[in-house]
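Reading the structure
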Amino acid sequence: MGPFVPDLISDQLNLIVALLLGIAFGFVLEQAGFSSSRRLAGVFYGYDFTVLRVFFTAAITAMSGVLLLGHFGLLDTDVIYVNPTWLVPAIVGGVIMGIGFIVGGYCPGTSVCAAAIGKVDAMFFVGGGLLGVFAFGDLFPLYENFYTSTALGPIRVFDSLGMSQGVFAFIIIMVAVAAFVVTTIIERRVDSKSAPSFKFKPLKHAAAGTFAIALGVIFIFMPNHKAAMIEKVTDPSYTAAHPVDKMDADELAFRIVDHEQNIRIIDIRSAKEFAELALPNSYNIQRSDLFGKDWVSTFSQRHLKKVVVGNDEVQERTAYYLLKELGYENLAILRGGIGTFRKNILSSTAFVPTGSHWDADVKEFREGARATILKMIADAKNKPVKTIIKRKIQGGC
Amino acid sequence: MKTKYMNPYLAGFFLGLVLLATIFITGRGLGASGAIKDATISISNAIAPRFTETNPFFGQYVGAGKENPLKSWLVFEIAGVLIGGFISGLVSDRLKLVTEAGPRVKPRARWFFAAIGGALFGIGAQFTRGCTSGAALSGMAVLSTAGFIAMLSIFGTGYLVAYLGRKLWI
């Protein structure tokens, strides 16, 4: 499952990967004609819509690929870099760059590509870019506060617009195809003799457009991988057909007190609840994080018993089934949830005699366990918290 | 003889695949302005280290315990763009030292305007946290709100001011 950084590809090797991907990037940009400022500027004057065609096709291709790879579980879309939004600075910067595009005829990537084939104007553009960054840094105190204002974090556009990912993907593909058609008509009016689009083969282009729209329609109906899996495991017919392995609070307490190595406690409650009471050596993992790669090395060891701890058995069962569906084995849930554990083991008035001749032993065990576990919990509070920090890949410019 | 450019949709498809491969392998997108920033900081640090380290913007990237800004993912990627662009120019016979300008613009004026345009991109890309590649294209591929804002504001402004700049190009 991608991405391969940082698990399979080290930071050093990643730089070589960057170089190779950059070569492909530069080659395609140059082949597309992005090394020509007149061609780039043409998009604003109607005589050449190459930029729009290349740019939009690339955007919907990459977007479609990310959606498909994510859907089939080949790419962990939770860890890939999503550009954070600083709303007002982003718009202001875009306005400045828009003016720069008209004045300069390039954008940074295309200017480097054009400079590589000997365009002197592109070399001046790159030089100007260096001076621009320097000026920005030099005057930074003037707008330091503005620079970090309206920070909205790594928000996604479909959430911002209040629609599903699939519907948004469909709309953007339709917008792109419509833009391709309209700009071709405009281009042919502006330059009725030599507009680049006269060379296109209509049939092939219509077929490609139809394919893109069909893909967009599929996106509307493509369920979210995670949502679909959660829906599946919470369905009554599924839960009825799949019994769960339950572990009693006493057994769990015994294993904790015994410092058993072959057990992993997975606490799926919220971070707040976990901070309030955490069982010794337990991992706090939110349900949505079970899907990620972070825990594979822990969960996939078969000899380890993975005990799911939640507020109640319903919450525990969902996580249990998800882990099972994700291919992990040797699982159990805590019978009665953490409430039962707290009541039977951790509270001093826990023991209610049942009249059995084991009563005295049970009482003695639980009291011993209570003291030991409470001490372990108290000790753990002085140590660093044992949660794996969710990886986030660094990116951006 | 100069070879024709690739069909733009096909080129866009390949560009999309390169971007997709980048996201799939590295988890991040392509970029360009970040490399120019790294280069600027590196040059500034070589000439005036005290100034660079104490500057609140550049200071984030240099100083004790920080890697050389040139040892960044984007710098290597942009080095690749130079190589890839050169190879493409070589195979398509487009390598030539030339200044390209609109029909009414003289080369020196073109150089001046290109530098101004580059400077504007250098400034704007800091506010937007990326340019057409890193913010708009890569951001759109992962459906980030920032990506669409960057795309709309860059191209929207381009169209708004195109009339004022028409003498540069037509």
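Reading the values: the criteria
Residues numbered from 1 in each chain as written. Chains lettered and ligands numbered in written order. Predicted model: local features only at pLDDT ≥ 70, side-chain atom pairs only at ≥ 80, totals over all residues. Heavy atoms only, no water. Buried < 20%, exposed > 50% of the residue type's maximum accessible area, 1.4 Å probe, protein only. Helix = DSSP H or I, 4+ residues; strand = E, 2+ residues; numbered from the N terminus. Pairing = 2+ DSSP bridges. Right-handed = clockwise from strand over helix to strand, strands pointing away. Domains from an automatic or database assignment. Contact = heavy atoms within 4.5 Å. Buried area = accessible area lost by both parts, 1.4 Å probe. Salt bridge = Lys/Arg side-chain N within 4 Å of Asp/Glu carboxyl O. Polar contact = N/O pair within 3.5 Å; in protein donor to acceptor, adjacent residues only side chain to side chain. Nonpolar A, V, L, I, M, F, W, Y, C, P; charged D, E, K, R; others polar. pLDDT = per-residue confidence, 0-100. Arc of directions from axis to C-beta. Phe/Tyr/Trp six-rings, centres within 6.5 Å; stacked < 30°, edge-to-face > 60°. Lys NZ or Arg CZ within 6 Å of the ring centre and 35° of its normal.

Across a regular strand the side chains alternate sides, sitting on one face of the sheet and then on the other. Residue and element names in this part refer to chain A. The buried count for strand β4 (residues 263–267) comes to four of five residues, which makes it a mostly enclosed element. Sheet topology places β4 next to strand β5 (residues 282–284); three bridges connect them, and they run parallel. Bridging from a neighbouring strand, I266 pairs with Y283 of β5. Running through helix α14 (residues 271–276), the crossover from β4 to the neighbouring parallel element β5 is right-handed.

Right, let's talk about the domain arrangement of chain A for a bit. The domains assigned to chain A are domain 1 (11–225) and domain 2 (237–381). Taking only C-alpha atoms into account, the centre of domain 1 of chain A sits 49 Å from that of domain 2 of chain A.

Structurally, the position occupied by A141 of chain B is in helix α6 (residues 132–141). Given the relative accessible area of 1%, A141 of chain B is considered buried. When the C-alpha positions of A141 of chain B and F155 of chain B are compared, they lie 17 Å apart, and in sequence the two are 14 residues distant. If near-sequence neighbours (up to four positions away) are discounted, A141 of chain B is found in contact with A59, A62, M63 and V66 of chain A together with L19 and I23 of chain B.

Turning our attention to the interface of chain A and chain B. With 125 residues of chain A in contact, the opposing surface of chain B contributes 121 residues. Both sides together, the interface formed by chain A and chain B hides about 11,000 Å², and carbon and sulfur atoms give 75% of it. Contact with chain B buries surface across chain A, with F25, M97 and C397 of chain A losing the most and accounting together for 8% of the total. Summed over the shared surface of chain A and chain B, the result is three salt bridges. With its nearest N and O atoms 2.8 Å apart, the salt bridge here joins E30 of chain A to R94 of chain B. The tally of links between chain A and chain B comes to 43 residue pairs in polar contact (both at pLDDT 80 or more). A breakdown of the residues in the side of chain A that touches chain B according to their chemical character gives 80 nonpolar, 36 polar and nine charged.

Averaged over all residues, the pLDDT of chain A equals 90, while 97% of them reach at least 70. At the low end of the mean pLDDT range in chain A sits helix α15 (residues 296–299) of chain A, at 78; at the high end sits helix α4 (residues 87–104) of chain A, at 98.

Next up on the list: helix α13 (residues 249–257) of chain A. Residue and element names in this part refer to chain A. Regarding α13, the residues found buried are A249, L252, A253, R255 and I256. Viewed along the axis of α13, the buried residues span an arc of 165°, placing them on a single side of the element. Turning to α13, the residues buried within the fold contact β3 (246–247), β4, β6 (305–309), β7 (331–334), α17 (337–346) and α18 (359–381). Backbone geometry just after α13 places H259 at a positive phi near 50°.

To continue, consider the packing of aromatic side chains. In total, this model carries 37 aromatic pairs over all chains according to the counting rule given. A centroid spacing of 5.9 Å and a plane angle of 50° characterise the contact between F101 of chain A and F155 of chain B, whose relative ring orientation is tilted. On the criterion of chain membership, the pair formed by F101 of chain A in helix α4 and F155 of chain B in helix α7 (residues 145–162) is interchain, its members lying in two chains. What makes F155 of chain B buried here is its relative accessible area of 12%. Considering the side-chain rings of Y143 of chain A and F127 of chain B, the 5.1 Å spacing of their centres and the 65° angle between planes classify their relative orientation as edge-to-face. Within this pair, whereas Y143 of chain A is found in helix α7 (residues 140–147), its partner F127 of chain B is found in helix α5 (residues 107–128), the two belonging to separate chains. A relative accessible area of 17% means that Y143 of chain A is categorised as buried. For F127 of chain B, a relative accessible area of 6% puts it in the buried group. These aromatic residues form a ring-pair network of at least three members: F134, F136, F140, Y143, F146 and Y147 of chain A together with F51, F57, F58, Y61 and F127 of chain B. If you follow R166 of chain B out to its NZ or CZ, it ends over the ring of Y163 of chain B, 4.0 Å from the centre.

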